[in-house]
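A structural walkthrough
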Amino acid sequence: MEARSPPPTPNQSKDGGVIGELLQTLRLFFSAIFVGIWRFFVPPPKKSVFGEVVLITGAGSGIGRQLAREFARLGSVLVLWDINKTSNTETAKLLQEEFQAKCFCYTVDVG
C-alpha cells in the first residue's frame, strides 16, 4: 500500500501558506509600482483625432467652447450640443471661419 500525506490543516495552504501569499502580494505590489513609474517616464502614444467625430456638450460657451476650438484645430468633425441655440450657432460659425471645421449644431437640454 502507498503512503499518503496527511490533508492540509486550516492554517496550511497548498500553494505555500502565508509566506507564499506574502511573496505573491509583494510581487504584485512592486510590479504595479514599476508599471506606474514606467508610464510616468514613457507615456503611451497620443491618439490622433483627425477626422474623428467628437460630441461636445455645452459648446455654446466656457469650457465646451474651448474644447470645441481645440478639437477643431486638431481636425475633428464636431457635433455641438447646447441648450442655447444662438450661442451654439455662434460657436459653430467661429470654428468654421477660423479652422474650416465641419460642425453640426443641435439644441439639446441634457439636464
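Refer to the structure printed above.
Residues numbered from 1 in each chain as written. Predicted model: local features only at pLDDT ≥ 70, side-chain atom pairs only at ≥ 80, totals over all residues. Heavy atoms only, no water.

**Considering the nonpolar core**
Rule in force here: Here the nonpolar core consists of buried residues drawn from Ala, Val, Leu, Ile, Met, Phe, Trp, Tyr and Cys, with membership extended through side-chain atoms lying within 4.5 Å. Type-normalised accessible area, obtained with a 1.4 Å probe on protein chains alone, sets the label of each residue: buried when under 20%, exposed when over 50%, and partly exposed for intermediate values. The helix count covers DSSP runs of H or I at least four residues long, the strand count covers runs of E at least two residues long, and both are numbered beginning at the N terminus. Throughout, a residue-residue contact means that at least one pair of heavy atoms, one from each residue, lies within 4.5 Å.
Among the nonpolar cores identified, the biggest contains 11 residues, and these are Val54, Ile56, Ala59, Ala68, Ala72, Leu78, Leu80, Ala92, Leu95, Ala101 and Cys103. Of all elements in the fold, only strand E1 (53-57), helix H2 (62-73), strand E2 (77-82) and helix H3 (85-99) reach the threshold of two or more residues within this core. When sequence neighbours within four positions are dropped, the list of residues in contact with Ala68 reads Ile56, Leu78, Leu80, Thr91 and Leu95.

**Details of H3**
Selection criterion: Each residue after the first adds 1.5 Å to the expected span of a helix. Taking the helix axis as origin, the arc is that swept by the directions to the C-beta atoms.
For H3, with 15 residues, the first-to-last C-alpha span of 21 Å sits near the 21 Å given by 1.5 Å per residue. Considered for burial, the residues of H3 that qualify are Ser87, Asn88, Thr91, Ala92 and Leu95. What you see down the axis of H3 is that its buried residues fit within an arc of 140°, all on one side. Away from the buried face of H3 by more than 90 degrees, exposed residues Lys85, Thr86, Lys93 and Glu97 are located. Phi turns positive one or two residues past the end of H3, at Gln100, with a value near 55°.

**Brief notes about the pattern of salt bridges**
Applicable threshold: Each salt bridge in this description consists of a side-chain nitrogen of Lys or Arg and a carboxyl oxygen of Asp or Glu lying within 4 Å of one another.
As enumerated under the stated definition, the model contains 3 salt bridges in all. Two residues, Glu98 and Arg69, come together in a salt bridge whose shortest N-O distance is 2.6 Å. Of this pair, Glu98 sits in helix H3 while Arg69 sits in helix H2; the two residues are 29 residues apart in sequence, bridging distant segments of the chain. Using a relative accessible area of 43% as the deciding quantity, one classes Glu98 as partly exposed. Close ionic contact of Glu70 with Arg73 constitutes a salt bridge, the shortest N to O distance being 2.4 Å. Linking Glu70 with Arg73, this pair stays in helix H2, spanning 3 residues, or about one helical turn. What makes Glu70 partly exposed here is its relative accessible area of 35%.

So, to be careful, I would describe these as geometric facts and stop short of saying anything about function.
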